[in-house]
Amino acid sequence: MTAATSESSAPRTLVILGAGGDLTARLLLPGLASLLASPRGEAVRLIGVDRSESSNEAWRKRVETAFADAPSKLAETIVAETTYVQADVSDPASLERVLAAAGTNVALYFALPPAITLLACKALRKLELPKGIMLALEKPFGTDYASARSLNRLLQHLVPEEQVFRVDHFLGKSTVLNLLGLRFANRIFEPLLSADNVERVDIVFDEQLALEGRAGYYDRAGALIDMIQSHLLLVLAFAAMEPPASVDAEDLRGGMAQVLRATRTWKANGTESRRARYGAGTIGDRKLPAYIDEQGVDPSHHTETLAEMTLAIDNWRWAGVPFVLRSGKALADTRQEIVFTFKPVPHLPSGLHGMKTPARLRIGLKPASLDLDLMINGEDDPFELDPVALHAELQAGQLSAYGEVLSSILEGDPTLSVRGDVAEQCWRIVAPVLKAWRKDEVSIDTYPAGTAGPKSWH
Ligand SMILES: O=P(O)(O)OC[C@H]1O[C@@H](O)[C@H](O)[C@@H](O)[C@@H]1O
């Protein structure tokens, strides 16, 4: 695997910019703990950086609390040694202090909103960076195609591409990575996965979770940018890419870029897309207000909480097959899967009857599972077809998705991070839909929270 290594053999120092934030507490620190407690854990130094005044002691307590669920010797050492630096990351002098504290073998994790990450990168341009420094950036990477391109250009001035980690935790999900083994290590599915046999592909990520207090971020993003522009397009890349020669960073990311470059909205103007927003409702025993009544939401943003878009892939393998990507919040069920629906057989022998559902291959993202839906001869009337499902439950990986992502950053292996051109392609693909929505060419529907979406969509 391609690995950007530092010459120093000192343990890597992970510097979290935005240490006081929600992402650090909810995902990064628990992810780090899961990595440290696994056989892949290695010694690492940790420095927390934020603009608010705090102390080493208070920061240590936060780390200790976040590590509580996955204790390990390595975690104990980190807690004992970790330090906190108060700094304004947009100020070069402050960042210089941070880098001085970090030493030589450094990974800088920007756990910050995109606008602040941009300011921090601009400030870094004024400094001499330690050789081999890794820069890890959270999604969303830019706010559109143009801003993603200019952020990429800025990063190019800072470090070589293999030292940039555009984090998308879906690439760390064992269930997404399963696609590679399933497709490329078994002869039985791959030859079938093409326009010759597949009628459509659905990539669905429906959640019961609602806004969960994230208005500050979500009300500007919405379901399309939050889930489809980033995560689901990467899942599509894994589901549709050509078999790569290897799974190293060059081949895998090259394969993803190639298929995404061939991907476009089904209609050039993006008006085949659909969007909706939840109204008041109940999920289980949780009563939810309408999205627009959630705290911090500005109704004038017209933010959607459910988005669907249909894509075409203009290449030999997939020409004419619709890929339907959909994700929403506050829905009745958690349905998170990739479904390949196969075309009808060329000829059903006359006399065999009762063909109800097409054959389907379903890959569950949460929980990890594999299903093959088939029609076979029924028990009573041997010429009557009945549906049958072959079902396998798959083991989820030992590491959380963030544990996997952090492991690759600490090892300096960019395979599971988003390459710059891939991030740009993802923005290019959704651009017609964003434009159509801004111009109100696609109406915004509503659905009561806790239902399967707008009635008109069924
Ligand atoms: O199921 P996971 O791994 O938490 O991923 C889904 C989450 O992914 C995040 O990136 C989105 O911002 C969330 O809105 C979403 O809920």
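In this convention, every chain numbers its residues from 1, walking through the sequence in written order. Only residues with pLDDT of 70 or above have their local features reported here, since the model is predicted, and side-chain atom pairs are shown and tallied only from 80 upward, although totals for entire chains, interfaces and linings are computed over all residues. The basis for every side-chain value is the complete set of heavy atoms in the structure, and neither hydrogens nor water enter the calculation.

- Under the annotation held in an unreviewed UniProt entry, the protein carries the name Glucose-6-phosphate 1-dehydrogenase and is attributed to Plantibacter elymi.
- UniProt positions are given in the numbering used here, feature names are shortened, and annotations may be inferred rather than shown by experiment. UniProt, in the comment section headed Pathway (unreviewed entry), describes the protein in these words: "Carbohydrate degradation; pentose phosphate pathway; D-ribulose 5-phosphate from D-glucose 6-phosphate (oxidative stage): step 1/3."

**Some points on the pattern of salt bridges**
Logical step 1: For this analysis, a salt bridge means a side-chain nitrogen from Lys or Arg found within 4 Å of a carboxyl oxygen belonging to Asp or Glu. Overall, the coordinates contain 23 salt bridges when judged by the stated rule.
Logical step 2: A salt bridge links D206 to R326; its shortest N-O distance comes to 2.9 Å. Placement of D206 in strand β7 (residues 198-206) and of R326 in strand β13 (residues 323-328) is noted, with a sequence separation of 120 residues between them. When sorted by exposure, D206 lands in the same class as R326, which is buried.
Logical step 3: Its salt-bridge partner being E207, residue K329 comes within 2.7 Å of it at the nearest N-O pair. Residue K329 is found in the loop between β13 and β14 (335-342), and its partner E207 is found in the loop between β7 and α8 (215-240); the two are separated by 122 residues along the sequence.
Logical step 4: A simple rule labels every residue: compare its accessible area, found with a 1.4 Å probe on the protein chains alone, to the largest value its type can have, and call it buried under 20%, exposed over 50%, or partly exposed in between. We classify E207 as buried; its relative accessible area is 11%.
Logical step 5: Overlapping salt bridges bring together R183, E190, E242 and R317 as one network. Secondary structure elements are defined from DSSP: runs of H or I of at least 4 residues count as helices, runs of E of at least 2 residues count as strands, and each element is numbered from the N terminus.

**Here we look at the packing of helix α7 (residues 174-184) against α8**
Logical step 1: Relative to each other, α7 and α8 sit at 10°, their axes nearing to 9 Å. With respect to α8, the axis of α7 lies roughly parallel. The segment α7 lies against α8, with V176, L177, L179, L180 and R183 engaging V235, F238, A239 and A240.
Logical step 2: Looking at the contact of α7 with α8 residue by residue, the classes come out as eight nonpolar, no polar and one charged. Angular values range over 0 to 180 degrees, each being the angle between N-to-C directions of two axes fitted as lines to C-alpha atoms, with helices fitted over their stretch in contact. Oblique is the label for any angle not covered by the other classes, which are roughly parallel (under 35 degrees), roughly antiparallel (over 145) and roughly perpendicular (65 to 115). Any two residues whose heavy atoms approach within 4.5 Å at even a single point are treated as in contact. Three residue categories are used. Nonpolar comprises Ala, Val, Leu, Ile, Met, Phe, Trp, Tyr, Cys and Pro, charged comprises Asp, Glu, Lys and Arg, and polar comprises the others, including Gly.

**Section: the side chain of S38**
Logical step 1: With respect to the helices and strands, the residue S38 is situated in the loop between α1 (22-36) and β2 (44-50).
Logical step 2: Sequence-distant contacts of S38, that is, excluding residues within four places in its chain, are made with Q398 and L399.

**A word on the environment of F383**
Logical step 1: Structurally, F383 can be placed in the loop between β16 (368-377) and β17 (385-393).
Logical step 2: The spatial distance from the C-alpha of F383 to the C-alpha of L352 is 5.0 Å, given a sequence separation of 31 residues.
Logical step 3: Ignoring any residue separated from it by four or fewer positions in sequence, one finds F383 in contact with G351, L352 and H353.

**Some details on the sheet that holds strand β5 (residues 134-137)**
Logical step 1: In this description, strands pair whenever DSSP reports at least two bridges between them. Strand order in the open sheet made by the six strands is β3-β2-β1-β4-β5-β6, with parallel pairing throughout. Two strands in the sheet have a free side with no partner beyond their single neighbour: β3 (83-86) and β6 (164-166). Recorded for the sheet is a direction-independent mean angle of 20° between the axes of neighbouring strands.
Logical step 2: Relative to β5, strand β4 (residues 106-110) is paired through four bridges, and the arrangement is parallel. Of the residues in β5, the one forming a bridge with L108 is L135.
Logical step 3: Where helix α2 (residues 56-67) meets the sheet, it contacts β2 and β3, and its direction lies at approximately 120° from that of β3.
Logical step 4: Of the strands in this sheet, β5 and β6 touch helix α6 (residues 145-158), which is tilted by about 160° from β5.

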